Amino acid sequence: MFSNTGKQGMRYVYKHAPKRLEELVDNDDGKLNQRYLSTLDDSGNGIEQINVGLDNFSLYGDRKYSSAYEFDSAGNWIKRITSPQVLEKGVTSLRQLSFDYRTIAYY
């Protein structure tokens, strides 16, 4: 990523493996400041993501999210529900956080 002045900003590196995606984000000094590990379904949709808490960067440590999808008749997702894993009173559960909707027109 570059700013309007041409100065280099953050850099994103993606490492793909079967049903896995690792995303590494370096700041403008070239130091790693974000890391994401995703599990993908057979269609390449992210079904789980771990935001890895990096030393001296993350206030929360590792954060885990799950995604669930609804698909149209052509197999494209039209609704995605993202839920973080939360720990309350010693019990881990998923709490729905966001809903993304897509409308796809076929011609």
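Residues numbered from 1 in each chain as written. Predicted model: local features only at pLDDT ≥ 70, side-chain atom pairs only at ≥ 80, totals over all residues. Heavy atoms only, no water.

## Let's talk about the overall build of the chain
(1) Moving on: Helices and strands together make up the secondary structure of the chain, namely 0 helices and 8 strands.
(2) Moving on: The linear arrangement of helices and strands in the chain, starting from the amino end, is β-β-β-β-β-β-β-β.
(3) Moving on: Rg of the C-alpha trace for the chain: 17 Å, well past the compact-globule value of 13 Å for 107 residues, more than 25% over.
(4) Moving on: Dimensions of the chain, computed from C-alpha atoms along their principal axes, come out at roughly 50 × 45 × 25 Å.
(5) Moving on: Buried positions account for 26% of the 107 residues belonging to the chain.
(6) Moving on: Look at the contacts in the chain between residues 6 or more apart in sequence, and 9% of them connect residues 24 or more apart.
(7) Moving on: For the chain, the exposed area adds up to about 8,100 Å²; of that, 50% sits on carbon and sulfur atoms. (Helix = DSSP H or I, 4+ residues; strand = E, 2+ residues; numbered from the N terminus. Rg over C-alpha atoms; globule rule 2.2 N^0.38 Å. Buried < 20%, exposed > 50% of the residue type's maximum accessible area, 1.4 Å probe, protein only. Contact = heavy atoms within 4.5 Å. Areas by Shrake-Rupley, 256 points an atom, 1.4 Å probe, with all protein chains shown as cover.)

## A short note on the environment of Thr92
(1) Moving on: Within the secondary structure layout, Thr92 lies in strand 7 (residues 91–94).
(2) Moving on: Residue classification places Thr92 among the partly exposed residues on the basis of a relative accessible area of 47%.
(3) Moving on: Other than its neighbours up to four places away in sequence, Thr92 contacts Gln85, Val86 and Leu87.

## Quick word on the pattern of salt bridges
(1) Moving on: For the structure on display, the rule yields 8 salt bridges.
(2) Moving on: A salt bridge links Lys7 to Asp28; its shortest N-O distance comes to 3.0 Å. Separated by 21 residues along the polypeptide, Lys7 in the segment before strand 1 (11–17) and Asp28 in the loop between strand 2 (20–26) and strand 3 (32–40) bring together distant segments of the chain.
(3) Moving on: Put simply, Glu88 and Arg95 hold a salt bridge, and the shortest N to O gap is 2.8 Å. (Salt bridge = Lys/Arg side-chain N within 4 Å of Asp/Glu carboxyl O.)

## Focus on the confidence of the model for the chain
As a general rule, the predicted coordinates of low-pLDDT regions are not to be interpreted in detail.
(1) Moving on: In this model, the chain carries a mean pLDDT of 86, and residues with pLDDT of at least 70 account for 93%.
(2) Moving on: Here strand 7 is the element of the chain with the lowest mean pLDDT, 81, and strand 1 is the one with the highest, 94. (pLDDT = per-residue confidence, 0-100.)

## Let's talk about the side chain of Ser83
(1) Moving on: Relative to the elements of secondary structure, Ser83 occurs in strand 6 (residues 77–88).
(2) Moving on: The buried category is assigned to Ser83, whose relative accessible area is 8%.

## Things to note about the packing of aromatic side chains
(1) Moving on: Enumeration over the complete set of coordinates arrives at 2 aromatic pairs.
(2) Moving on: Among the aromatic side chains, those forming a connected cluster through ring pairs are Tyr69, Phe71 and Trp77.
(3) Moving on: We note Arg102 situated over the ring of Trp77; from NZ or CZ to the ring centre the distance is 3.9 Å. (Phe/Tyr/Trp six-rings, centres within 6.5 Å; stacked < 30°, edge-to-face > 60°. Lys NZ or Arg CZ within 6 Å of the ring centre and 35° of its normal.)

## A look at the pairing of strand 6
Along any regular strand the residues' side chains alternate between the sheet's two faces.
(1) Moving on: Taken together, the 7 bridges between strand 5 (residues 63–71) and strand 6 define a ladder with antiparallel strand orientation. Within the sheet, the bridge partner assigned to Glu70 lies in strand 6 and is Lys79.
(2) Moving on: Linking two consecutive strands that pair antiparallel, namely strand 5 and strand 6, is a turn of 5 residues; a positive phi of about 90 degrees is found at Gly75 within it.
(3) Moving on: Across 4 bridges, the pairing between strand 6 and strand 7 is antiparallel. Bridging across to strand 7, Glu88 finds its partner in Val91.
(4) Moving on: A loop of 2 residues connects strand 6 with strand 7, the two strands running antiparallel in sequence, and Lys89 in this loop sits at a positive phi of about 55 degrees. (Pairing = 2+ DSSP bridges.)

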